[in-house]
Amino acid sequence: MNSSLILQNVLTPPVLFFFLGTIAVFVNSDLEIPSPLPKLFSLYLLLAIGFKGGLELQKSGFSGQVVPTVGAAIIMSLMIPLICFVILRLKLNVFNSAAIAAAYGSISAVTFITAESFLENQNIPFDGFMVAPLAIMESPAIIVGLLLVKFGLPKNRPASNKMRWRAILHEATLNGSAYLLLGSLVIGFLTAGYNPSAVEKMQPFTGKLFYGAECFFLLDMGIVAAQRLPSLIKSGSFLISFAVLMPLFNAIMGVFVARLLSLGPGNALLFVVLCASASYLAVPAAMRMTVPEAKSSYYISTTLGLTFPFNIVLGIPIYMGLVKTFIPTIS
Amino acid sequence: MNSSLILQNVLTPPVLFFFLGTIAVFVNSDLEIPSPLPKLFSLYLLLAIGFKGGLELQKSGFSGQVVPTVGAAIIMSLMIPLICFVILRLKLNVFNSAAIAAAYGSISAVTFITAESFLENQNIPFDGFMVAPLAIMESPAIIVGLLLVKFGLPKNRPASNKMRWRAILHEATLNGSAYLLLGSLVIGFLTAGYNPSAVEKMQPFTGKLFYGAECFFLLDMGIVAAQRLPSLIKSGSFLISFAVLMPLFNAIMGVFVARLLSLGPGNALLFVVLCASASYLAVPAAMRMTVPEAKSSYYISTTLGLTFPFNIVLGIPIYMGLVKTFIPTIS
Amino acid sequence: MNSSLILQNVLTPPVLFFFLGTIAVFVNSDLEIPSPLPKLFSLYLLLAIGFKGGLELQKSGFSGQVVPTVGAAIIMSLMIPLICFVILRLKLNVFNSAAIAAAYGSISAVTFITAESFLENQNIPFDGFMVAPLAIMESPAIIVGLLLVKFGLPKNRPASNKMRWRAILHEATLNGSAYLLLGSLVIGFLTAGYNPSAVEKMQPFTGKLFYGAECFFLLDMGIVAAQRLPSLIKSGSFLISFAVLMPLFNAIMGVFVARLLSLGPGNALLFVVLCASASYLAVPAAMRMTVPEAKSSYYISTTLGLTFPFNIVLGIPIYMGLVKTFIPTIS
Amino acid sequence: MKRLDLIFGERELDELLKSLEKSDVPGYTVMKHATGRGPEREVSEDMEFTGLGANAHVIIFCDEETLSRVKNNIQPLLSFYGGVAFVSDATQL
Amino acid sequence: MKRLDLIFGERELDELLKSLEKSDVPGYTVMKHATGRGPEREVSEDMEFTGLGANAHVIIFCDEETLSRVKNNIQPLLSFYGGVAFVSDATQL
Amino acid sequence: MKRLDLIFGERELDELLKSLEKSDVPGYTVMKHATGRGPEREVSEDMEFTGLGANAHVIIFCDEETLSRVKNNIQPLLSFYGGVAFVSDATQL
Ligand SMILES: Nc1ncnc2c1ncn2[C@@H]1O[C@H](COP(=O)(O)O)[C@@H](O)[C@H]1O
Ligand SMILES: Nc1ncnc2c1ncn2[C@@H]1O[C@H](COP(=O)(O)O)[C@@H](O)[C@H]1O
Ligand SMILES: Nc1ncnc2c1ncn2[C@@H]1O[C@H](COP(=O)(O)O)[C@@H](O)[C@H]1O
Ligand code: NA
Ligand code: NA
Ligand code: NA
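Report follows, based on the coordinates. (Residues numbered from 1 in each chain as written. Chains lettered and ligands numbered in written order. Predicted model: local features only at pLDDT ≥ 70, side-chain atom pairs only at ≥ 80, totals over all residues. Heavy atoms only, no water.)

It is worth spelling out the arrangement of the chains at this point. The two partners chain C and chain D share no contact, and the minimum distance between any of their C-alpha atoms is 13 Å. The two units chain B and chain F never meet; even their closest C-alpha atoms stay 13 Å apart. (Contact = heavy atoms within 4.5 Å.)

Structure below.
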């Protein structure tokens, strides 16, 4: 059953364009999407996801499952880094372990929207308010990651590090991507509440264009992910296994939490994807500023070079299979 | 009444995204829209404004209020710099006074489209031909600004300056943004006249997408405007007051001219906004080439750092209040 | 009759925006579309053309005229460079002759889509599968060009050249633009086959937006083409004549092949345009890597500075006239 | 006069420029979007999108006295974050 | 051989390149989108959108004779518009 | 220490970087999107879109020994594709 889901997932434009990008690197084509065009699409997607989420949140309000789901999401993004850290310390130093742990506690917005497209394609309903946990899960994971560095280390780090605490909190909450996502969510919320006619006027930009822009962006993600391969291989079999098994483990945890929360299958998949995905936008930015001792090639190669493609191609349908198996449908 | 208009204006997506950009700078978020993406949106908006204006101009023809309104706009863009110059000379040298005066005689296309969105939101009708005065007001102001330098100065300027007369006229009429706006207007006009089926095919790009792209661009404008704050403060209280009071004064003049022209309230607001807004695209470009002695931080900080935000957030609803008060509604 | 077609062609937005760009250069406006924005539009157009072509190919299947048309296209892209080479060798060395010959054997996607817009405007039907020959004609021409260098030369080329054979085939088949076009075609084909609901979701991006984006891109093409003028003039009257007469000659050949293939007038025009247009994307990239001895200003100035504008403005309506004259309408 | 070339991560640019201002440099020029490889790290173009940022290349023309102030002020930054600094001779045209 | 580094406003680039051609330089390299601060002005990235333009960094490798021609030709431009020019020694590899 | 400035076509960048790695350089910095004019060719900004590519400017700080290895390895590339290479003196800050 899962293999049919996988095939259905693979034959959608977003995933096909991702493959097109990947193959371009493997066959050594000179196809490239020059900087800052990827940034354009990345900013656009964050703005559109946030705005649409805000609209939906206005509709659903903060009653029902919204608050418990957000709460559970925060708890997951605090716990997952701790578990990851313990595992990673088997082989890596404190800096690298903490940085990678933070990345896996955090989320990938593009994985999330690919999961949404997957659900739409399968005609499985889900709620727009699931963007709220998405918008909130970056910060806690970053803070845990930095606490791990702080307490996991003897006091031999240079003084320049001492005064960085404010910078840490700052990076955790105000890095560009989290800020844009959350800000657009608030704007969507306000617009739907006070200016419903404007919602329709935004629709061609934030709504209709979205799927195509997602495809274009995934083309680039395919290129970028495939280019990580050499440094992924260099990072060794421990990290390679970690980048596939950890998402699976986090997904299984996510399934059980989703069951506790009584989420429907659509929302449950999105929750699981939040747990299983890893950040390559906000967390790297924060780690670079606060833990430059961590090797960036480690956390970029694992999250972007393996976990992301794994989730996009195989993970989402596998998680859907888990959701279908372990979460009773109420209908 | 005005305060309710202000609130209604603030709660629209374009203004909210402008605030999102501003706040990003104040809280020191690393959100940035890297160059040349702002240029992409700026070019797009000019092309779309011009094209749509051309379509409308084809509909309305050059009869009725079109010619008098354009005439009045030209007169305003000749007079406003003279008034500004006299005021500015109280404190500033000829170069700086002339450059700032030219900027305030000219217009800001983004302020104009924000006013259009405001009118749409308030369900107040306006005519598409108002883009014609928009497209025409840059050049006269630039020429006046340069004449002021020419005649306001003893002949002690270096010789390299002498031969720049052709460059001046050139900059005034053919700078990129004025050229694109006017050119797109002509294309829209021709297309609507000779090729009406193409109008519909352009609509998704120039029409439907517009509002969302405006929001994205205002996000960037918010960032840029807020980044001007330090140099705005450095420019002193005289210029700070000027950047708020001059638009108000120009708006009041604009209201009375609009009344003379018997413009309806929608067109009147747009006319007032043309008078009250100041250029940060064409004029700086022209001044840099012809009056490099003027401090660019002065004319950029005032126009972009204060007059623009003031107009976007408070000015438009205030001007609407003025229009409602002083212009009798015919209906 | 042709002159009325020309006028009708000139008064469409794409051609008008092309002129707007050209005039900007001639009047020395500082309008510019900074890099990498042209690349964004170029990538977008290739992706959208390919995707739409794939959808249509899924509809039409590989029966009927598809296979013979593709076959004929391949033959044309092998033959045209040979003819061009013989002519060019009258005045130019082997390197330059081969490089220019390859460019004229290959195609210009933007000329192709301008022809499509022309047909839509004239309400002449054509088939989406014509994108298939478009996607396939780059490679054979490049290979012929490189074979001409290989065999047209005494063995006095430096050794570094010997081992470049794999690079040649590589460039011919996997250069970015051909790869993206072909890949998007395959994705469109698969999507239409396995995931029809996704087709509609792509439509706002790949379909609706297309015409406007084409206009924006042609604005840039106008600028770029006009900037080639000085180096076009420097390249001499032989190449200038070549850049106008060769497309005409290739078009005439194309008309007769289209007649042999019994293509309808719409498909016939597209086929003729493929023959008459010359590449300024894939071929220059390939030549730069494999025949750096060829003067890039020659093949860029002729294809981009003259053949492209000629085809866009005069060529397409002239070729339509030829098609109407020589191809019997069946209906 | 001396010419100082600094190459380091774009994300540290603000901090580094503050250091330069504190050292009273007469001016500086910044070129962003540089990529490269150092003894430890490789910085590629896609870093700009992942949030890591590419490199910045900063050029400063100044006298030797200023140079030694700059040296003192930026050394901690370079040693914490990485980056290289090289000095050549230069004379004003 | 000498190496000349010129840094000045992007909008004057065309005029400056014409001056260089008049001075018969063997070649030049241009890097746009540079930002920076000089004694008087600060040039930031958003200048590109306001129409002021960022800076251009031009490098010229040439002999001393050419250099003195360049010097004569560009001095008026630099003094009217602003910008800096520095010379170092360089040898062809 | 020496400073080597290489300027050549962007499309040859990969090949050139491979040569540099073979020469065991301690590091390098790449700035793309450079334009310019050499004895034969002019490279303008629109080349990036035509597929020809603009220029890349590569800076390498290394010792003289490494420099001579680099010289041997890149000479064939520069003579086949074109491009310039200049050396100056530099010292680590
Ligand atoms: N020897 C070198 N020559 C030129 N650039 C270098 C050199 N070493 C390092 N860099 C640049 O400095 C950046 C930071 O170096 P690092 O932090 O030491 O890896 C690298 O990404 C390169 O762009
Ligand atoms: N001492 C310096 N070192 C490096 N770059 C400088 C220096 N002074 C000025 N510049 C550059 O030259 C540009 C123009 O300088 P200016 O017109 O003197 O303000 C500035 O924006 C800087 O990019
Ligand atoms: N004398 C020079 N000074 C600075 N840059 C140069 C010089 N000569 C050539 N270049 C650069 O090197 C590139 C390639 O040179 P070439 O292949 O010799 O035309 C040119 O496009 C310029 O950017
Ligand atoms: Na996660
Ligand atoms: Na005004
Ligand atoms: Na052809």
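Right, let's talk about the site of ligand 3 for a bit. Around ligand 3, the structure places 19 residues, and the nearest of them are Thr29(E), Phe61(E), Arg41(F), Asn55(F) and Gly83(F). Residues near ligand 3 are shared among chains E and F, making this a multi-chain site. One of the backbone nitrogen or oxygen atoms of Gly27(E) is found 3.5 Å away from a nitrogen atom of ligand 3. When the free accessible area of ligand 3 is taken as 480 Å², the share hidden by the protein chains comes to 95%. Judged by the proximity of its atoms to the pocket grid, ligand 3 belongs to the second largest pocket. Broken down by secondary-structure element, the contributors of at least two residues to the shell around ligand 3 are strand 2 (28-37) and strand 4 (55-62) of chain E together with strand 2 (28-37) of chain F. Looking at the shell around ligand 3 residue by residue, the class counts come to 9 nonpolar, 8 polar and 2 charged. (Near = heavy atom within 4 Å. Polar contact = N/O pair within 3.5 Å; in protein donor to acceptor, adjacent residues only side chain to side chain. Areas by Shrake-Rupley, 256 points an atom, 1.4 Å probe, with all protein chains shown as cover. 1 Å grid on protein atoms, 1.4 Å probe; cavity = no way out; pocket = protein on both sides within 12 Å on 5 of 7 lines; lining within 4 Å. Sits in = over half its atoms within 2 Å of the grid points. Helix = DSSP H or I, 4+ residues; strand = E, 2+ residues; numbered from the N terminus. Nonpolar A, V, L, I, M, F, W, Y, C, P; charged D, E, K, R; others polar.)

Taken together, 19 residues lie around ligand 1, and Arg41(D), Asn55(D), Gly83(D), Thr29(F) and Phe61(F) are the ones closest in. At the site occupied by ligand 1, the surrounding residues belong to chains D and F. At 3.5 Å, a backbone N or O of Gly27(F) approaches a nitrogen atom of ligand 1. Backbone polar atom of Phe61(F) to a nitrogen atom of ligand 1: 2.9 Å apart, as the coordinates give it. The class makeup of the residues in the shell around ligand 1 is 9 nonpolar, 8 polar and 2 charged.

Time to look at the interface of chain F and chain D. Opposite the 19 residues of chain F that make contact, chain D presents 22 residues. Where chain F abuts chain D, roughly 1700 Å² becomes buried across the two surfaces, and 57% of that area is made up of carbon and sulfur atoms. Where chain F touches chain D, the interface holds 3 salt bridges. The partner of Arg3(F) in a salt bridge is Asp5(D), and the shortest N-O contact between them spans 2.8 Å. Taken together, chain F and chain D are joined by 8 residue pairs in polar contact (both at pLDDT 80 or more). Looking at the side of chain F that touches chain D, the elements that each hand over two or more residues are strand 2, strand 4 (55-62) and strand 6 (91-92) of chain F. (Buried area = accessible area lost by both parts, 1.4 Å probe. Salt bridge = Lys/Arg side-chain N within 4 Å of Asp/Glu carboxyl O.)

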